Amino acid sequence: MQHNYTKLLAGILGATFLATAAQAQSVSFSDPVGDDKGPGTYVYPTDSAYLPGAFDLTGLRVEKSGSDVDFQVDVAGNLNDPWGMGTGFATQLVFVFINTGTGKHKDAPAGLNVQLEPGWDKVVLLSPQKPARIGSEINAKAASLKDDILVPRRVKGSGKTIAGSVKASDIGSGDPSGWSYQVVVQSNEGFPAGGDLMTRRVNEFEGQHRFGGGNDGMCDPHAMDILAGGAAGGADEAQAQYDVLKAYECGPEGEAVKTAVIPMVKK
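Residues numbered from 1 in each chain as written. Predicted model: local features only at pLDDT ≥ 70, side-chain atom pairs only at ≥ 80, totals over all residues. Heavy atoms only, no water.

1. Brief notes about the overall build of the chain
Right, so step 1: Helix and strand content of the chain: 4 helices and 15 strands.
Right, so step 2: Whereas a compact globule of 267 residues would reach a radius of gyration of roughly 18 Å, the chain reaches 20 Å, a difference of no more than 12%.
Right, so step 3: When its C-alpha atoms are laid out on the principal axes, the chain stretches across 85 × 35 × 35 Å.
Right, so step 4: Buried residues in the chain amount to 47% of all 267 residues.
Right, so step 5: Counting contacts in the chain only where the partners sit at least 6 residues apart, residues at least 24 apart contribute 66% of the total.
Right, so step 6: Only carbon and sulfur atoms are counted for the fraction: they give 53% of the accessible area of the chain, which is about 11800 Å².
Right, so step 7: A distance of 9 Å separates the average location of the 23 positive side-chain charges in the chain from that of its 31 negative side-chain charges. (Helix = DSSP H or I, 4+ residues; strand = E, 2+ residues; numbered from the N terminus. Rg over C-alpha atoms; globule rule 2.2 N^0.38 Å. Buried < 20%, exposed > 50% of the residue type's maximum accessible area, 1.4 Å probe, protein only. Contact = heavy atoms within 4.5 Å. Areas by Shrake-Rupley, 256 points an atom, 1.4 Å probe, with all protein chains shown as cover. Lys, Arg positive; Asp, Glu negative; His and termini not counted. Charge placed at Lys NZ, Arg CZ, Asp CG, Glu CD.)

Right under this line is the structure:
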């Protein structure tokens, strides 16, 4: 009888340990509604394709599932596919930066005009473009970062959530709940200017397919929404975001004198 009891107890403890371990393989963050204004001044393009709340980040969930790591990004507005991308969404482009412990890159890919502190190791692109198109853009515009830019085999949008998965081995060892993250919500640009990695530019005045409220140069951060503060969704995190993103300086010709630096966040 004592032997059976010991086996039962060991089984219960083992199951509890496995359940706890599995639970620890996920992490989530929240962001307040209504702060999709970059440094507080940005406005959406005027075309009807850009629905209200389309670039308003509200949450990030990361979970290790078998050999994959799943990413889910929530926005406040309903997704739409006015350009027939076939993925359930069209206007968004989301960068999920990950620091697994090194932070070897400071500069974000071209077009975002931000740096990350203390740096990032991998970035997952959640784009409605086909992987082949994304790959060619990376080769042409971010070749030095190509090993650290991860493109999911398939990205899907549904309701207010954009989701994609990458191989865990492509990120590295470790538990996703122990990594640091940052999310930059941008817009999928089919005809990106200059060396921009598929991002849509922010100008002084909004246009049919241009964000407004910034600078016509490339000194301002081209980021509509990010995680800020404790990333718990508190109202004060909107101001924390504005403070971070407006800490840039432009030269007389729109050149960057000081680049906005955004912090990685961690649970």
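2. Digging into the nonpolar core
Right, so step 1: In this structure, Leu60, Phe71, Val96 and Tyr181 are the most contacted members of the largest nonpolar core, which totals 38 residues.
Right, so step 2: Of all the elements in the fold, those that place two or more residues in this core are strand E1 (26–30), strand E2 (57–65), strand E3 (68–75), strand E4 (92–99), strand E7 (122–126), strand E10 (161–167), helix H3 (168–171) and strand E11 (180–187).
Right, so step 3: With 4 residues, E3 is the largest single contributor of residues to this core.
Right, so step 4: Setting aside residues up to four positions removed in sequence, tyrosine 181 forms contacts with Val27, Phe29, Leu60, Val62, Phe71, Val96, Phe97, Ile98, Pro176, Met264 and Val265.
Right, so step 5: Counting 23 residues, the second-largest nonpolar core is a separate cluster that includes Ala108, Ala142, Ile149 and Ile226. (Core = buried A, V, L, I, M, F, W, Y, C linked by side-chain atoms within 4.5 Å.)

3. Topic: the layout of surface pockets
Right, so step 1: Approximately 160 Å³ is the volume found for the largest pocket.
Right, so step 2: Among the residues making up the lining of the largest pocket, the classes are represented as 8 nonpolar, 4 polar and 3 charged. (1 Å grid on protein atoms, 1.4 Å probe; cavity = no way out; pocket = protein on both sides within 12 Å on 5 of 7 lines; lining within 4 Å. Points joined across faces, edges and corners; volume = space filled by probe spheres on them. Nonpolar A, V, L, I, M, F, W, Y, C, P; charged D, E, K, R; others polar.)

4. Quick look at the sheet that holds strand E15 (residues 260–263)
Strand pairing in a sheet is mediated by backbone hydrogen bonds. Such pairs are either parallel or antiparallel.
Right, so step 1: The mixed open sheet is built from 3 strands, whose spatial order is E5-E6-E15. If you trace the sheet from one side to the other, it starts and ends with strand E5 (105–107) and E15, each paired once. Between one strand axis and the next, the sheet turns through 25° on average, direction left out of account.
Right, so step 2: Pairing of E5 with strand E6 (residues 114–120), which is carried by 2 bridges, proceeds in the antiparallel orientation. Across the sheet, residue aspartate 107 finds its bridge partner in E6, namely glutamine 115. (Pairing = 2+ DSSP bridges. Axes fitted to C-alpha atoms, helices over the stretch in contact; angles between N-to-C directions.)

5. Looking at the confidence of the model for the chain
Right, so step 1: Across the chain, pLDDT averages 93, with 91% of residues at or above 70.
Right, so step 2: Taken together, the stretch residues 12–22 has pLDDT below 50 and engages in 0 contacts with residues farther than four places along the chain or on a different chain. (pLDDT = per-residue confidence, 0-100.)

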